[in-house]
Amino acid sequence: MAFPHDTDIATLCINTIRTLTIDAVQAANSGHPGAPMGLAPAGYALWNRVLRFDPADPVWPGRDRFVLSNGHASMLLWSLLHLSGVRAVNPDYEVIGRLAVTLDDIRRFRQPGSHAPGHPEYHLVSGVEATTGPLGQGIATSVGMAIAQKWLAARYNVPEFAVFDYDVYAMCGDGCLMEGVGAEAASLAGHLALDNLCWIWDNNHITIEGSTRIAFTEDVVARFLAYQWNVLTVGDANDVGRIEHALGQFRATKGRPTLIVLDTHIGYGSPHRQDTAAAHGEPLGADEAKLTKRAYGWPEDAQFLVPEGVREHFAAGIGARGAQARADWNARFAAYRAQHPARADEIERMQRRDLPDHWDRGLPVFPADATGIAGRDASGQVLNALAQSIPWFMGGSADLGPSNKTTLKFDGAGDFQPGTPSGRNFHFGIREHAMAAVVNGMALSKLRPFGATFFIFSDYARGAIRLSALMELPTLMVFTHDAMGDGEDGPTHQPIEQLASLRAIPGMTLLRPGDANEVTEAYRCALQAKHRPAILVLSRQPLPTLDRTRYAPASGVAQGAYVLADAPGGDPELILIASGSELSLAVAAHGALVAQGVRSRVVSMPSWDLFERQPQAYRDRVLPPAVTARVAIEQASTFGWERYVGTRGAVIGMHTFGASAPLKALQQEFGFEPAHVVAVATEVLAAQARHAARTTTAST
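In this text the structure is predicted, and so the values were computed from the model without any measurement. (Residues numbered from 1 in each chain as written. Predicted model: local features only at pLDDT ≥ 70, side-chain atom pairs only at ≥ 80, totals over all residues. Heavy atoms only, no water.)

With reference to specific residues and values, describe the overall build of the chain.
Assigned secondary structure in the chain consists of 24 helices and 22 strands. In terms of C-alpha radius of gyration, the chain reaches 28 Å, essentially the compact-globule figure of 27 Å for 700 residues. In terms of overall dimensions, the chain has a C-alpha envelope of 95 × 65 × 50 Å along the principal axes. Buried residues in the chain amount to 61% of all 700 residues. Considering only contacts within the chain whose residues lie at least 6 apart along the sequence, 76% involve residues at least 24 apart. Of the side-chain charges in the chain, 60 are positive and 71 negative, and the distance between the mean point of each set is 4 Å. (Helix = DSSP H or I, 4+ residues; strand = E, 2+ residues; numbered from the N terminus. Rg over C-alpha atoms; globule rule 2.2 N^0.38 Å. Buried < 20%, exposed > 50% of the residue type's maximum accessible area, 1.4 Å probe, protein only. Contact = heavy atoms within 4.5 Å. Lys, Arg positive; Asp, Glu negative; His and termini not counted. Charge placed at Lys NZ, Arg CZ, Asp CG, Glu CD.)

Next comes the structure, spelled out in structure tokens:
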């Protein structure tokens, strides 16, 4: 294909990105062409001239990170990954032979089996640093990545070896800056002086409904200056030199993150779609595509064209620069390993998501105690034990550390602040959504982070929690005040539907332990997962610590549910199932039923997810199919419990919101007392007897 003789290679590369986008969206009859068309020069400048990234090894620990927060512009990323020749990596973090994104993947954009999906997906496509799509999530996650780099550098860098010195870049759109999670994250990043973080704002003034003027007229520059950010403006998004200069200014700026305001034109080059909402989320159309290619000086009938010299230019740019940077890092790390073998071992374990040897040796074992200990207090002890055994285990709360009991208090724990980046306690402020996204970013950087708040406020964090499951990240969320234990605070603080809601997320392990030793075992389960997030839901009020010489060991938590107490002879006619703070209630009711001659069994079920992953034979031993008289007890919505109690069982739960009153009054009002459980169980048995009698009569 012939191009005008004065077409320079940079322009050729940029227009290749644009036309691949046009063709892919047109072929799929679906997608968002406008943003990649406007951002192509910035993508080219960052990737081929600045980014320290080796396409031959996209998981090299010393690489710069790039996050496409406006994930609908995914064709920008697929084009860059393809043209850069990024190699694929398997789940064991081993580089394999094929390209991460082939030209055929781009031809099959948004189609089954393609490695060019509609939005960036971590794990599916190598070179994608985070799953994005919900606007604002990418930039918030990038803050966690920048935090991780600061912490890693503080722990592992030594004067002669800068093991971790990478930067974090994120592209974002108007929507990312409108979303509250983006504002929360920007505020936190400014406070933490994350000078390794650069956001590039695609300031094209267009959203789906039209001009941003209809809803977004604030002074963004003033807002970010108030956040203590460095703000740079590039008025011409096609000026590659000015973009590269701005990126250089970012790297020279110390003590604050950088926002680059890039004044772009959505759908750049399209005669009838540029600067219109029509360029945002639909194909240009065959005729407009030809006109746009003509405006670029491109063969208008060419499809998925990568001109000669384009791939070679990327190979000479990011390919050569990245290979050299990785080789230098590998040599530096080899020397580091020789001089600092223990620290090098930690780094290598982190990259594999392995834990230190004997990491769980110091976990507490709690003695039997009828008065007991609150789940949150037991959790605090376990967290401190874990953090002392796992140097890269850390986290914090959304301003509720003293109440969540998540503060790490051992010598040297410290607070993560601008002047103390080695601290292990994180103060996220009252920013639940950003906290969860930051935790995702830290986990993507191979740390083992946790975030914490009251369980009711998990709703604020849910978007990022869902993405942790989608990305298969071993994040940990610690939620306290799991039911009505905070009594007088009333229904605004009493979670009802949250258990059912979070249990519904695929790939998420939710654990609601019923006593202190179950708390320990819940953490043991959560920390062993490499590709699965976990949520711990803990009580505010003390729960009796069960005597494990009388009851089954708490290690049964690993199976999700286990027989805690059984009928004499192990032949139950009734099964009581409970989680969390209701477990001791089930135990008390069991005692009363056995005294009445009822062959009762208590099943502790802290995790539906773990139980469902057990072999059918185990599940049938715990919940024998022949025993249909079952009662589940949980201070939450009854939704979902029918799978365990069946049509002849009963659920003692919540059918309304709670109320403001002391806990004991609430337990009495809503039926969470042993006598009520016994009454319901007795009725279930009576109903079963009546059914059996009717069945016998009918058969005779």
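Having seen it, we continue.
Give a detailed account of the sheet that holds strand E13 (residues 448-454), specifying residues and quantitative values.
Whether parallel or antiparallel, the strands of a sheet pair through hydrogen bonds between backbone atoms. Reading across the sheet, the 6 strands line up as E12-E11-E13-E14-E16-E15 and stay open at both edges, with parallel pairing between neighbours. Edge positions in the open sheet fall to strand E12 (425-427) and strand E15 (509-511), since each of these has one partner strand only. Here the strands of the sheet are splayed against their neighbours by 20° on average, with no regard to which way each runs. Pairing geometry for strand E11 (residues 393-397) and E12, over 3 bridges, is parallel. Residue pairing in the sheet places Ser397 in a bridge with His427 of E12. Packing against the sheet, helix H13 (residues 375-389) makes contact with E11, E13 and strand E14 (476-480), and its axis sits at approximately 145° to E11. (Pairing = 2+ DSSP bridges. Axes fitted to C-alpha atoms, helices over the stretch in contact; angles between N-to-C directions.)

Go over the layout of surface pockets, please, and point to the residues and values.
Volume-wise, the largest pocket comes out at about 390 Å³. Lining the largest pocket are 24 residues, with Val59, Val89, Tyr122, His123 and Ser126 sitting closest to its centre. Residue composition of the lining of the largest pocket, grouped by class: 13 nonpolar, 6 polar and 5 charged. (1 Å grid on protein atoms, 1.4 Å probe; cavity = no way out; pocket = protein on both sides within 12 Å on 5 of 7 lines; lining within 4 Å. Points joined across faces, edges and corners; volume = space filled by probe spheres on them. Nonpolar A, V, L, I, M, F, W, Y, C, P; charged D, E, K, R; others polar.)

Before we move on, can you summarise the packing of helix H3 (residues 74-84) against helix H11 (residues 310-339) with the specific residues and values?
Taken N-terminus to C-terminus, the directions of H3 and H11 make an angle of 85°; their axes are 8 Å apart at the nearest point. The angle between H3 and H11 places the two elements in the roughly perpendicular class. Seen from H3, the contacting residues are Leu80, His82, Leu83 and Ser84; seen from H11, they are Val310, Arg311, Phe314 and Ile318. For the contact of H3 with H11, the class distribution of residues is 5 nonpolar, 2 polar and 1 charged. (Parallel < 35°, antiparallel > 145°, perpendicular 65-115°, else oblique.)

Before we move on, could you go through helix H19 (residues 583-595) and cite the residues and values that matter?
Here H19 contains 13 residues, and its C-alpha end-to-end distance of 19 Å stays within 8% of the 18 Å for a straight helix at 1.5 Å per residue. Those residues of H19 not exposed but buried are Leu583, Ser584, Leu585, Ala586, Val587, Ala589, His590 and Leu593. One or two residues past the end of H19 sits Gly597, with phi positive at roughly 90°. (Expected span 1.5 Å × (residues − 1).)

Break down the sheet that holds strand E22 (residues 650-654) for me, citing the residues and quoting the values.
Strand order in the open sheet made by the 5 strands is E18-E20-E19-E21-E22, with mixed pairing throughout. Of all the strands in the sheet, the pair left with one neighbour each is strand E18 (562-565) and E22. Taking the axes of each pair of neighbouring strands and ignoring which way they run, one obtains an average angle of 25° across the sheet. In the sheet, E18 pairs with strand E20 (residues 600-604) via 3 bridges, with the strands oriented antiparallel. Residue pairing in the sheet places Ala565 in a bridge with Val602 of E20.

Provide a residue-level description of the packing of aromatic side chains, including the pertinent values.
Summed over the entire model, instances satisfying the criterion amount to 24 aromatic pairs. Plain terms: the ring middles of Trp151 and Tyr156 are 6.2 Å apart, the flat faces sit at 75° to each other, and that makes the pair edge-to-face. Residue Tyr156 is classed as buried on the basis of its relative accessible area of 0%. Taken together through their ring pairs, the aromatic side chains of Trp608, Phe611, Tyr618, Trp641 and Tyr644 make up a single cluster. The cationic tip of Lys446 hangs over the ring face of Tyr93; the distance from NZ or CZ to the ring centre is 4.0 Å. Here the guanidinium or amino end of Arg503 rests over the ring plane of Trp608, the centre of that ring lying 4.1 Å away. (Phe/Tyr/Trp six-rings, centres within 6.5 Å; stacked < 30°, edge-to-face > 60°. Lys NZ or Arg CZ within 6 Å of the ring centre and 35° of its normal.)

Which residues make up the nonpolar core, and what values do they have?
Counting residues in hydrophobic clusters, the biggest one holds 167 residues, and the most contacted among them are Trp199, Phe224, Ile465, Leu476, Tyr523 and Leu527. With 11 residues, helix H5 (residues 137-156) is the single largest residue contributor to this core. Residues contacting Leu527, with those up to four places away along its chain left out, are Leu355, Trp359, Leu386, Ile390, Phe393, Arg448 and Leu476. Residues Leu12, Met37, Leu284 and Phe314 belong to the second largest nonpolar core, which totals 66 residues. (Core = buried A, V, L, I, M, F, W, Y, C linked by side-chain atoms within 4.5 Å.)

I'd like a rundown of the packing of helix H1 (residues 9-28) against helix H2 (residues 34-50), residues and numbers included.
The description of two packed helices rests on the angle between their axes and on the distance between the axes. Packing of H1 against H2 leaves a shortest axis separation of 9 Å and a crossing angle of 130°. Between H1 and H2, the crossing angle belongs to the class labelled oblique. Every pair of crossing elements has a handedness; the one defined by H1 and H2 is right-handed. Packed against H1, whose contacting residues are Ala10, Cys13, Ile14, Ile17, Arg18, Thr21 and Ile22, the element H2 presents Pro36, Met37, Ala40, Pro41, Tyr44 and Arg49 at the interface. When the residues that make up the contact of H1 with H2 are grouped by side-chain class, the tally is 10 nonpolar, 1 polar and 2 charged. (Left-handed = near helix turned anticlockwise from the far one by under 90°.)

Residues and numbers for the pattern of salt bridges, please.
In this structure the tally under the stated criterion is 36 salt bridges. By sharing partners, the salt bridges in this structure join Arg52, Asp64, Asp165, Asp167 and Arg251 into a single network. (Salt bridge = Lys/Arg side-chain N within 4 Å of Asp/Glu carboxyl O.)

Describe the pairing of E22, listing the residues and the values that go with them.
The element E22 is largely enclosed, with a buried count of 4 among its 5 residues. The pairing of strand E21 (residues 630-637) with E22 spans 4 bridges and is parallel. When the sheet's bridge partners are listed, Ile633 is paired in E22 with Ile652.

Mind laying out unusual backbone geometry, listing which residues take part and the relevant values?
A positive phi angle, near 65°, is found at Tyr93, a position not held by glycine. Residue position: Tyr93 is located in the loop between strand E2 (87-89) and strand E3 (95-99). Relative accessible area serves as the criterion here: at 21%, Tyr93 is assigned to the partly exposed category.

Any details on the side chain of Ser604? Residues and values, ideally.
Inspection of the secondary structure puts Ser604 in strand E20. Side-chain polar atoms of Ser604 contact the side chain of Glu518, separated by 2.7 Å. Not counting residues up to four positions away in its chain, the partners in contact with Ser604 are Glu518, Gly560, Ala561, Tyr562, Leu564, Ala578 and Leu583. (Polar contact = N/O pair within 3.5 Å; in protein donor to acceptor, adjacent residues only side chain to side chain.)

If you had to explain the state of the cysteines to someone new, which residues and values would you point to?
Enumeration over the complete set of coordinates arrives at 0 disulfides. Looking at the unpaired Cys176, the closest cysteine sulfur is the one in Cys172, lying at 5.4 Å. Owing to a relative accessible area of 0%, Cys176 belongs among the buried residues under this scheme. (Disulfide = S-S within 2.5 Å.)

Describe helix H15 (residues 432-444), listing the residues and the values that go with them.
The terminal C-alpha atoms of H15, which comprises 13 residues, lie 19 Å apart, in line with the 18 Å expected from a rise of 1.5 Å per residue. Where burial is concerned, most of H15 is hidden: 13 out of the 13 residues are buried. Lys446, located one to two residues past H15, shows a positive phi value of around 80°.

So what's going on with the side chain of Arg63? Residues and values would help.
Considering the arrangement of structural elements, one finds Arg63 in the loop between H2 and strand E1 (65-68). By relative accessible area, Arg63 is classed as buried at 7%. Polar contacts involving the side chain of Arg63 include one to the main-chain carbonyl oxygen of Pro58, which spans 3.1 Å. Not counting residues up to four positions away in its chain, the partners in contact with Arg63 are Arg52, Phe53, Pro58, Glu129 and Tyr166.

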